[in-house]
Every structure is written in C-alpha cells, then in structure tokens.
Amino acid sequence: MIRVLVVDDEELVRSGLRLILEASGDIAVAGEARDGEEAVSAVRRLRPEVVLMDVRMPGLDGLAAAARILAAPEPPKVIMLTTFDLDEYVHEALRHGAVGFLLKDTPPRELAAAVRTVAAGQAMLSPSVTKRLIASYADRAPSRAEAARRQLAGLTGREEDVIRALARGLSNAEIGRELRLTEATVKAHVSRVLAKLGLANRVQAAILVHDADLT
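Residues numbered from 1 in each chain as written. Predicted model: local features only at pLDDT ≥ 70, side-chain atom pairs only at ≥ 80, totals over all residues. Heavy atoms only, no water.

(A) Geometry of the sheet that holds strand β4 (residues 77-82). An order of β2-β1-β3-β4-β5 is seen for the 5 strands of this open sheet, with the pairing classed as parallel. Either end of the sheet is taken by a strand with one partner, and the two such strands are β2 (27-33) and β5 (100-103). Within this sheet the neighbouring strands show an average axis-to-axis angle of 25 degrees, counted without direction. Sitting on the sheet, helix α1 (residues 11-22) touches β1 (2-7), β2, β3 (50-54) and β4, and the angle it makes with β2 is about 165 degrees. (Pairing = 2+ DSSP bridges. Helix = DSSP H or I, 4+ residues; strand = E, 2+ residues; numbered from the N terminus. Axes fitted to C-alpha atoms, helices over the stretch in contact; angles between N-to-C directions. Contact = heavy atoms within 4.5 Å.)

Here it is, written out as structure tokens:
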C-alpha cells in the first residue's frame, strides 16, 4: 500500500481526496492535515511516502511547508494541489524539489495514477498540464535564462536531445521511440544528465530547459 498524507484547509476537499484515493485499492491515506504546520508535524510522525499539498492555506502555506518537508533527510514525494492562477507558486515549489502538481479538478483515475507515479520514483510531467504550467511561468529574467544556458552547455548533443524531450513531458519509452534508443539507454542518459547538472529530478530538469528557452 502507498501511504499518503492529504493536506488541505478545507475538510470537504480532504474527505473527497481520501475517498478517491482509498477507492483505488492500493493507496491508503495515512493522515490529514489542515495547514502547513500540521503537515510538517504529520510527516515526521507518520512517515508517508507521498504528500498531497494544497498551495494556499492559512498560517504556513503549502509552499513553505513543502520547502521544510523536502529539506529534511529522506523526505516523502510532494505533489502540489493547485489551480492555474497559482502558477508562480507551483513553479517555486518544483524548484524546492516537489515532483509535480495536480489541479483540484483532476479526474479520480488520474489522481490515483499520479500518486502511483511519484511513489515509484518518477516525476509527473504531463505534456498537457505540467509543460503548460512551466512554460507559462512569467518574467523569465534574462540573467536566469543565461545562467540556465551556461549550466546546460556541458551536455553532449545526445544528452541535450534527451533533456529537451524530457522537458516536453515525454516518458523514457516515448523518448526512446523518438530518438531511436532503448528505454534502458534513455534511463541511463537521464540519470547521467541529472547527476551532471546537479538536479534532483526530471521536473527540475524540465524547468531548467524552459528557463533556458530551449523548448
């Protein structure tokens, strides 16, 4: 069973998420929290594998709570719950190490699938949603774009092909088909690129590519 902590200041939302997740059969809600402070405490106490974290909450908000949780040793995977009017906050959460985000109106099947995806160690990079979020982040400073390009400059041509495809939200299998590589080779390329760039996950790699305006 995948153990999940649900964090939202609205009881109705928490109850709905619990019903959806526990109906999946392989996901258990280990606990709930009403704000960021409760979330940080619950993570220490319950040790969930995945945290579903609302962005906007009273007191310690989801962004600050995610930063605290992800800075601790062996943190759980964090998925932000959001709406498109909070894009800039989610972008920052991804930089802290969150592995993705969900809209609050995500269909139940997709919600459960997302939890399974991150619990398995993969970031959520949906071409139809995550790419739109990252690409729409406002005010890309020229200095940040230049810094991102410098960071990517050390990649080989093939590694750049892989990270560009990754930033478009493609899975390892899809990247392999597009670049005519085996899935194992793509996985090795992704691991090497993340290590070379000093990045924690695929989402941070995608953000870097978007910052460099190379999509």
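After that view of the structure, there is still more to cover.
(B) Up close: the pattern of salt bridges. Applying the stated criterion across every chain, the model contains 12 salt bridges. A salt bridge links Arg 18 to Glu 32, with the nearest nitrogen and oxygen atoms 2.8 Å apart. Taken together, the residues span a long stretch of sequence, with Arg 18 in helix α1 and Glu 32 in strand β2 at a distance of 14 residues. Taking the relative accessible area as the measure of exposure, Arg 18 reaches 26% and is therefore partly exposed. Using a relative accessible area of 29% as the deciding quantity, one classes Glu 32 as partly exposed. Glu 146 is the partner of Arg 150 in a salt bridge, and the nearest nitrogen-oxygen pair spans 3.0 Å. With a gap of 4 residues between them, Arg 150 and Glu 146 both fall in helix α7 (residues 142-152), about one helical turn apart. (Salt bridge = Lys/Arg side-chain N within 4 Å of Asp/Glu carboxyl O. Buried < 20%, exposed > 50% of the residue type's maximum accessible area, 1.4 Å probe, protein only.)

(C) Molecular detail of the side chain of His 189. Its location among the elements puts His 189 in helix α10 (residues 183-197). Excluding anything up to four places from it in sequence, His 189 contacts Arg 158, Glu 159, Val 162 and Leu 181.

(D) Inspection of the nonpolar core at higher detail. By size, the foremost hydrophobic cluster in this structure holds 26 residues, and its most contacted members are Val 7, Val 51, Met 53, Ile 69, Val 78, Met 80 and Ala 98. Elements with a minimum of two residues in this core: β1, α2 (36-46), β3, α3 (62-71), β4, α4 (87-96), β5 and α11 (202-211). (Core = buried A, V, L, I, M, F, W, Y, C linked by side-chain atoms within 4.5 Å.)

(E) Fine view of the pairing of β2. Summarising the sheet, β1 and β2 pair through 6 bridges and their orientation is parallel. By the bridge assignment, Arg 3 is partnered in β2 with Ala 28. In this region the chain leaves β1, passes through α1 and returns to the parallel neighbour β2; the handedness of that crossover is right-handed. (Right-handed = clockwise from strand over helix to strand, strands pointing away.)

(F) Inspection of the packing of helix α8 (residues 157-167) against α11 at higher detail. Orientation of α8 relative to α11, taken along the N-to-C sense of each, is 100 degrees, at an axis distance of 8 Å. Between α8 and α11, the interaxial angle falls into the category roughly perpendicular. In this structure, α8 contributes Ile 163, Leu 166 and Ala 167 to the contact, and α11 contributes Arg 202, Ala 205, Ala 206, Val 209 and His 210. Taken together, the residues that form the contact of α8 with α11 break down as 6 nonpolar, 1 polar and 1 charged. (Parallel < 35°, antiparallel > 145°, perpendicular 65-115°, else oblique. Nonpolar A, V, L, I, M, F, W, Y, C, P; charged D, E, K, R; others polar.)

(G) Representation of α8 in the model. Taken together, the buried positions of α8 are occupied by Glu 159, Val 162, Ile 163, Ala 165, Leu 166 and Ala 167. Gly 169, located one to two residues past α8, shows a positive phi value of around 90 degrees.

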